[in-house]
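Okay, here's what each chain looks like letter by letter:
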Amino acid sequence: MNVSNIAKRLDISGVVQGVGFRPFLFILAKKYHLTGWVSNTSSGVEVFIQGKPKNIKLFCNDIVNKSPLLASVTGIESKDAVTKAYASFQIEKSVASNSRSTLISPDVTICKDCLSEMFDPTDRRYGYPFINCTNCGPRYTIIEDIPYDRPKTSMKLFTMCAACQKEYEDPLNRRFHAQPNACPDCGPRVFLTDNNGNDIESNPDTAIETAAKYLKQGKIIAVKGLGGFHLACDASNADAVVSLRQKKNRPHKPFALMTRSSSDLFDHVHMNDMEKELLHSYHRPIVLFKKKNNANQFAGMAQDVSPLNNCIGIMLPYTPLHYLLLEKGPQILVMTSGNRSGEPLSIDNKDAIDAFSHIADCFLLHNRDIYFRADDSIARIQKGESRFIRRSRGYAPLPVFYKKKLPSILACGAGLKNTICLTRGNYLFLSQHVGDLENIKTHDFYLNSIDHLKRILDIKPELIVHDLHPGYMSTQYAKAFDCVETIKIQHHHAHAVACMAENDIDEPVIAVTLDGTGLGTDGHVWGGEILLTSLASFQRKAHLSYIGMPGGDKAVLEPWRMAASILFDSFGDDFLNLDIEFLKQIETDKLTFIIQIIKKDLNTPKTSSAGRLFDAVSSLLCIRHTISLASQSAMELEAIAQTRIAGKTYDFDLLQDQGEAGFQISMSPCIRQIVEDIKIGLSSSIISAGFHQTLVNAFVKATIRVSCETKIKKVVLSGGVFNNDTIFCTMISALEQNGLTVYTHSKVPTGDGGISFGQAIFGAAMKGKL
């Protein structure tokens, strides 16, 4: 029977631009003998298709089930259409419109095909550091606007040669409509300069070879990459690593490493199959691994790569340039962020030379502009799932899907480890990592991130949500808007809501939120909390007992102040008479001064922060009295903990709050017993393990009490302390053993990088949309 042809018009949404989607549809149409056309639009991809009904059905099924690796189809709207006299299927010019709802692909690693060509001496792109195709390469960092076409990217300055243009126009070619398509004849070029910007090698081939040779000689090279600059050196060269630390004024923070193959790591780290899969994923995050040796050694690497830490962050190369450097240079490189201290990544050649010419011996530069910076993402495997510590390059700006439609909201994020979040429909778009909003350049980057995402996503917020803290730059930004409604949310409530939302929880839960700082509704600094939480409200049910933070923010940078405060809280003035090493290392005059300001309540805010408790114990054990990076004392305390030693725990008290419905978790008994163990010379490793277990025991017991009172069995865990693998894994196991169901983060960071996500959901709930 001869079945008449029919026609359909399809509007396809999702990540469907810059990922080989139109060529994929072109090949599908030929396969099923269909005619019509496809075009990029500002909302995704539009298709007119006609042919036999059965073939159109197969065509639509394949769109969902067989789409390209980097594509993500989130919706297909199909409408009947009138057949037309098309003899073939064509890819038409992109169509701009007033609506911009397409999803933008993140930058992804070089694919196997391009890698093979780059190392093939017979290929015309042999050794070319900007090789790419529709399956790989730069996306978000080179996009100025949408639709995603070459004139709206930083490749607009490079006119394709005849050979590249032929590939670009061939629907059966892997580079068909690959917007960054280029070759050595027509594309970007790499060159090497000294630290004053003077040319050393302008020939791309010799530039990379010379840079690799310098790395082998122990020099520090600034490398312009995909989303910004790295500072690179040979990871096995102790002098080079020490020099980089000294020049960058980064005495303790672990350096990230880059190695060409995971097999290079087998002698250095423990690696399971999930960790290996994450390391090799096309997102290419930095992955945290446990070292095979103890926390102060790393076999075959310079000791100062990751000092006083039992983990090391490692990534595989993700750009062609990285592969070429590793092919010609050292086997494993330190690749740390190229920026002024506390400022965002440098992305401009001149700015980079100005920023760290005192650090780098040479600069390996290129002439393709980076429109938008993106730090490397950081992830780890915990409890059988991939978890973000930082969600940035390789993931942003992909949205997190939510089950209900949201109004247009801008969530301004936290003051530290900031991200912003914009919402549209079922999507929550988290920005790349912005950083700590503590200087003008980071604040400018913050503003640019908001403006850029609002423009390319076509989102005009009807509501702005910000943190309760009035001093955050993000709060001040929100309050500057007179014509848009703004609301505020308590920091730990935002943490809890973020975890609820990514686990599709609507009903009230118990939230355990542990972190370093967050302004509470009582004006004190919170951070060790058990909350009874809904999406729109919360009740504080329990918290760590308050102790003073002598000197305010100084106590964060100088943990000895917290140790003195917690000793005063546990022993009173008599703590000065204790026979412990801590009192011998800290000057008596300083300790006397701390006692005085605590007693007089001068510049000594009260805190319930778990982070400050870690600081206090770390300093008490003489591990770390001052810090040079966030969470340093807590990380070093975890690193020494002999967690395999079972049975070592300390006491704690659950005390009813006066005049409040909740209760306090007092760790004073724990501190007093730790002091007794210090006196008898018990190993700091054993004491650290006991402290970790006691903190878990205290919050588990308190959570069980809240559960018994409320009859709620669902518990969410959120906050930066849960980046501590010992606390995270031990607490989950203990809560589950007591019949509670535990929910954690896997889509956004558990730390402050996930705050904006929770703020956005809270905003929708407050608007009555959830």
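Because the structure is predicted, anything quoted here is derived from the model rather than measured. (Residues numbered from 1 in each chain as written. Predicted model: local features only at pLDDT ≥ 70, side-chain atom pairs only at ≥ 80, totals over all residues. Heavy atoms only, no water.)

**Considerations on the overall build of the chain**
- The helix and strand tally for the chain stands at 22 helices and 32 strands.
- Over its C-alpha atoms the chain spans a radius of gyration of 28 Å, differing by no more than 12% from the 27 Å that the globule rule assigns to 770 residues.
- Viewed in the frame of its principal axes, the chain has a C-alpha envelope of about 90 × 60 × 50 Å.
- For the chain, the proportion of its 770 residues judged to be buried stands at 60%.
- Partitioning the contacts of the chain with sequence separation of at least 6, the portion at a separation of at least 24 is 71%.
- Accessible surface computed for the chain: about 29,400 Å², of which carbon and sulfur atoms make up 48%. (Helix = DSSP H or I, 4+ residues; strand = E, 2+ residues; numbered from the N terminus. Rg over C-alpha atoms; globule rule 2.2 N^0.38 Å. Buried < 20%, exposed > 50% of the residue type's maximum accessible area, 1.4 Å probe, protein only. Contact = heavy atoms within 4.5 Å. Areas by Shrake-Rupley, 256 points an atom, 1.4 Å probe, with all protein chains shown as cover.)

**Overview of the nonpolar core**
- With 95 residues, the main nonpolar core has Ile 12, Phe 21, Leu 25, Val 47, Phe 59 and Leu 364 as its most contacted residues.
- Of all hydrophobic cores here, the second largest spans 71 residues; its members include Ala 542, Ile 566, Phe 663 and Val 721. (Core = buried A, V, L, I, M, F, W, Y, C linked by side-chain atoms within 4.5 Å.)

**Focus: empty space enclosed by the protein**
- By the definition in use, this model includes four cavities of 30 Å³ or more.
- In this structure, the largest cavity spans a volume of roughly 150 Å³.
- Taken together, 18 residues make up the lining of the largest cavity; nearest its centre are Pro 129, Leu 226, Thr 319, Pro 320 and Arg 368.
- Here the lining of the largest cavity is composed, by residue class, of 10 nonpolar, six polar and two charged.
- The wall of the second largest cavity is formed by Gln 382, Arg 387, Phe 388, Leu 717, Phe 722, Asn 723, Phe 728, Thr 744, His 745, Val 748 and Thr 750.
- Grouping the amino acids of the lining of the second largest cavity by side-chain chemistry returns five nonpolar, five polar and one charged. (1 Å grid on protein atoms, 1.4 Å probe; cavity = no way out; pocket = protein on both sides within 12 Å on 5 of 7 lines; lining within 4 Å. Points joined across faces, edges and corners; volume = space filled by probe spheres on them. Nonpolar A, V, L, I, M, F, W, Y, C, P; charged D, E, K, R; others polar.)

**Quick look at unusual backbone geometry**
- Looking along the chain, the bond that leaves Ala 396 and enters Pro 397 is cis, with omega of 10 degrees.
- As for its position among the elements, Pro 397 is in the loop between strand S18 (385–390) and strand S19 (399–406).
- Positive phi outside glycine occurs at Leu 308, with the angle close to 55 degrees.
- Here Leu 308 is to be found in the loop between strand S13 (286–291) and strand S14 (311–315).
- Relative accessible area serves as the criterion here: at 33%, Leu 308 is assigned to the partly exposed category.
- The phi torsion at Lys 711 lies on the positive side, around 65 degrees, for a residue other than glycine.
- Considering the arrangement of structural elements, one finds Lys 711 in the loop between helix H20 (684–710) and strand S31 (714–718).
- Taking the relative accessible area as the measure of exposure, Lys 711 reaches 67% and is therefore exposed.

**Regarding the packing of aromatic side chains**
- In total, this model carries 16 aromatic pairs according to the counting rule given.
- With 5.5 Å between their ring centres and 65 degrees between their planes, Phe 48 and Tyr 86 make a pair best called edge-to-face. Taken together, the residues span a long stretch of sequence, with Phe 48 in strand S3 (residues 44–51) and Tyr 86 in the loop between strand S4 (72–81) and strand S5 (89–91) at a distance of 38 residues.
- Residue class for Phe 48 comes out buried when judged on its relative accessible area of 1%.
- Summarising the aromatic geometry, the rings of Phe 401 and Tyr 427 are spaced 6.3 Å apart at their centres and angled 65 degrees between planes, so their arrangement reads as edge-to-face. Remark: Tyr 427 occurs in strand S21 (residues 421–430) and Phe 401 occurs in strand S19; sequence separation between them is 26 residues.
- Three or more aromatic residues joined by ring pairs make a cluster, and in this case those are Trp 37, Phe 48 and Tyr 86.
- Here the basic side chain of Arg 245 rests over the ring of Phe 255, its NZ or CZ set 4.0 Å away from the ring centre.
- Directly above the ring of Tyr 318 sits Arg 393, whose terminal nitrogen or CZ lies 3.6 Å from the centroid. (Phe/Tyr/Trp six-rings, centres within 6.5 Å; stacked < 30°, edge-to-face > 60°. Lys NZ or Arg CZ within 6 Å of the ring centre and 35° of its normal.)

**Points about the sheet that holds strand S26 (residues 538–544)**
- On the basis of which strands lie adjacent, the open sheet formed by seven strands has the order S29-S30-S26-S25-S24-S31-S32 and mixed pairing. Where the open sheet ends on each side, the last strands, each with one partner, are strand S29 (653–656) and strand S32 (741–743). Neighbour to neighbour, the strand axes of the sheet diverge by 25 degrees on average, direction disregarded.
- Summarising the sheet, strand S24 (residues 509–514) and strand S25 (residues 528–533) pair through six bridges and their orientation is antiparallel. Bridge pairing in S25 places Ala 511 opposite Leu 531.
- Contacts from helix H21 (residues 725–737) reach S24, S31 and S32, with the element oriented near 175 degrees to S31. (Pairing = 2+ DSSP bridges. Axes fitted to C-alpha atoms, helices over the stretch in contact; angles between N-to-C directions.)

**Brief notes about the side chain of Arg 245**
- Checked against the element boundaries, Arg 245 lands in helix H6 (residues 238–248).
- Nearest to the buried, unbridged Arg 245 among oppositely charged side chains is Asp 304, at 4.9 Å.
- Discounting residues that sit within four places of it in the chain, Arg 245 has contacts with Arg 250, Pro 251, His 252, Lys 253, Pro 254, Phe 255, Asp 304, Val 305, Ser 306 and Pro 307. (Lys, Arg positive; Asp, Glu negative; His and termini not counted. Salt bridge = Lys/Arg side-chain N within 4 Å of Asp/Glu carboxyl O.)

**Here we look at the pattern of salt bridges**
- Inspection of the entire model under this criterion finds 31 salt bridges.
- One salt bridge in this structure joins Asp 62 and Lys 31, with 3.9 Å as the shortest N-O distance. Residue Asp 62 is located in helix H2 (residues 53–65), and its partner Lys 31 is located in helix H1 (residues 21–31); the two are separated by 31 residues in the primary sequence.

**Observations regarding the sheet that holds strand S23 (residues 485–489)**
- Pairing is mixed across the open sheet formed by five strands, whose spatial order is S19-S21-S20-S22-S23. At either margin of the open sheet sits one strand with a lone partner, and together these are S19 and S23. Neighbouring strand axes in the sheet, compared pairwise and without regard to direction, differ in orientation by 30 degrees on average.
- Sitting on the sheet, helix H10 (residues 440–457) touches strand S20 (409–411) and S21, and the angle it makes with S21 is about 155 degrees.
- Seen against the sheet, helix H22 (residues 755–766) touches S19, S20, S21, strand S22 (463–467) and S23 and runs at an angle of roughly 140 degrees to S21.

**Regarding the pairing of strand S15 (residues 332–337)**
- Of all six residues in S15, five are buried, a share of seventy percent or more.
- Direction of pairing for strand S10 (residues 229–234) relative to S15: antiparallel, over a ladder of five bridges. Residue Asp 234 lies in a different strand from S15, and its bridge partner there is Leu 333.
- Taken together, the three bridges between strand S11 (residues 257–259) and S15 define a ladder with antiparallel strand orientation. Note that in S15 the partner of Leu 257 across the bridge is Val 334.

**Notes on the pairing of strand S16 (residues 362–366)**
- For S16, a buried count of five out of five residues is recorded, marking the element as mostly surrounded by other parts of the structure.
- Two elements, strand S7 (residues 190–194) and S16, share five bridges in a ladder whose sense is antiparallel. The residue bridging Phe 191 from the neighbouring strand is Leu 365, located in S16.

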